[in-house]
Amino acid sequence: MADTGKVLVIGANGQLGIELTDALIEIYGASQVIPSDITASDRKNFVTLDVLNVEQLRDIVRENKVNDVYLLAALLSARGEQNPLWAWRINMDGLLNVLELAREGIIRKVFWPSSIAVFGTTTPKVATPQETIISPDTMYGITKLAGERLCAYYAKKFQVDVRSLRYPGLVGYRALPGGGTTDYAVDIYHKAVAGELYRCFLSANTRLPFLYMPDAVRATLEVMQVSATQISVRSSYNLAGFSSTPAEITSSIQQHIPDFQIEYEPDFRQQIADSWPESINDEVAQKDWGWQARYSLSDMSQEMIQNLASPTDRPIN
């Protein structure tokens, strides 16, 4: 593969960051990938970085001759509701800092994740289209909507090559839950493998869209690797995998762990989940760059349980 300069991953200790960093290292080599986060890590080339410190960010980018930045650092939905002002600062100022470096020509290409949290109670809940009513009800969703508009603005006004995906709930075994409303679908597998009862903070039939982490990582790599001429959406692409409820995930787990038990104790996160779509239409991503999910709920359950049951594949953070 041709030299593309170095790649900086901001938020490399997070659920997506851990696995995306590994995938980037596999593609470009360890010497070309710089993982960073606000907390330390023993990864090769790791740098401690506060994305709100624009001078530190600028220095790291320049010193390491970084071309591409994957900005994953964010405060997620549930934690964002507990500290909305901090969510605004991290989610908005961090993005602006990176976009400004791209505007100045210091960064060549930016990836920034959006979320189904941009949708709200007035959005069509089934097969939510790419272009639709967007009215988020959480600070996390508000920052993602504002971020989408910033990305589109910088792309149009300053020709910044920024690319984005609206992730549904992401599920993987390499990291512990990170404070999102859909993170029950991570924690439930940990409790099942540990032989523990799971108390779910959503009701049994709350249907939400999900994506298994290998699909999420592949989608991220694909959208960043295609020609800019194939990118028609500069706000954020809808992305879909499968839709499921806590009851359906429980049933899928019980195919492998028959004694697994769940109880339902909905809390404030139920209202957040109720404002989100049940399923997503991602036809635009399919048309523009050939996106197609590969994993079903059954596939995911089998892999999650198999990997969590292996001591060598336990979460690393």
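Further up the page is the structure itself.
Residues numbered from 1 in each chain as written. Predicted model: local features only at pLDDT ≥ 70, side-chain atom pairs only at ≥ 80, totals over all residues. Heavy atoms only, no water.

1. Thoughts on the nonpolar core
One broad rule of soluble globular proteins: the nonpolar side chains tend to lie buried together. Within the largest apolar cluster, 35 residues are counted, with the highest numbers of intra-cluster contacts made by Tyr184, Tyr189 and Ile249. When contributions to this core are tallied by element, the ones reaching two or more residues are helix 6 (184–193), strand 8 (198–200), strand 9 (208–212), helix 8 (246–254), helix 9 (268–274) and helix 11 (297–308). Take this core: its biggest share by element is 6 residues, from helix 6. Residues in contact with Ile249, not counting those within four places in the same chain, are Tyr184, Ala185, Ile188, Tyr189, Phe210, Ser244 and Leu297. One finds Ala87, Met92, Met139 and Val160 within the second-largest nonpolar core, a separate group that totals 32 residues. (Core = buried A, V, L, I, M, F, W, Y, C linked by side-chain atoms within 4.5 Å. Buried < 20%, exposed > 50% of the residue type's maximum accessible area, 1.4 Å probe, protein only. Helix = DSSP H or I, 4+ residues; strand = E, 2+ residues; numbered from the N terminus. Contact = heavy atoms within 4.5 Å.)

2. Some details on the sheet that holds strand 11 (residues 242–244)
Reading across from one edge, 7-9-11 is the order of the 3 strands in this open sheet, with mixed pairing throughout. Each having just a single partner strand, strand 7 (169–171) and strand 11 make up the two edges of the open sheet. Strand-to-strand twist across the sheet, computed as the mean angle between neighbouring axes with direction ignored, equals 45°. Looking at chain direction, strand 9 and strand 11 are connected through 3 bridges and run antiparallel. The partner of Phe210 across the bridge, within strand 11, is Phe242. Where helix 6 meets the sheet, its contacts fall on strand 7, strand 9 and strand 11, and the angle it forms with strand 7 comes to roughly 25°. (Pairing = 2+ DSSP bridges. Axes fitted to C-alpha atoms, helices over the stretch in contact; angles between N-to-C directions.)

3. Brief notes about the sheet that holds strand 5 (residues 109–115)
The strand order 3-2-1-4-5-6-10 describes an open sheet built from 7 strands, whose pairing is parallel. Lying at the two open borders of the sheet, with one neighbouring strand each, are strand 3 (47–48) and strand 10 (237–238). Bridging between strand 2 (residues 33–37) and strand 3 involves 2 bridges; their strand directions are parallel. When the bridges of strand 3 are listed, Asp37 appears paired with Thr48. Against the sheet, helix 4 (residues 84–103) contacts strand 1 (6–10), strand 4 (66–71), strand 5 and strand 6 (161–167), and its axis sits at roughly 160° relative to strand 4. Sheet strands touched by helix 5 (residues 139–158): strand 5 and strand 6. Its angle to strand 5, the strand with the most contacts, is close to 150°.

4. Considerations on the packing of aromatic side chains
This structure, assessed with the given rule, holds 11 aromatic pairs. Through a chain of ring-to-ring contacts, three or more aromatic side chains come together here, namely Tyr184, Phe201, Phe210 and Phe242. The positively charged end of Arg103 is found above the aromatic ring belonging to Phe158, 5.5 Å away from the centroid. Its guanidinium or amino end placed over the ring of Phe201, Arg269 lies 3.6 Å from that ring's centre, counting from NZ or CZ. (Phe/Tyr/Trp six-rings, centres within 6.5 Å; stacked < 30°, edge-to-face > 60°. Lys NZ or Arg CZ within 6 Å of the ring centre and 35° of its normal.)

5. Notes on unusual backbone geometry
Here the phi dihedral of Lys65 falls at roughly 50°; this positive angle occurs in a residue that is not glycine. For Lys65, the location among the structural elements is in the loop between helix 2 (54–63) and strand 4. Owing to a relative accessible area of 64%, Lys65 belongs among the exposed residues under this scheme. The backbone of Ala127 sits at a positive phi, close to 50°, despite the residue not being glycine. Locating Ala127 in the fold gives a position in the loop between strand 5 and helix 5. Judged by relative accessible area, which is 38%, Ala127 ranks as partly exposed.

6. Brief notes about the pairing of strand 4
Most of strand 4 is tucked away, with 5 of its 6 residues classed as buried. Sheet topology note: the strand 1/strand 4 ladder contains 5 bridges and is parallel. Within strand 4, the residue paired with Val7 across the bridge is Asp68. Sheet topology places strand 4 next to strand 5; 3 bridges connect them, and they run parallel.

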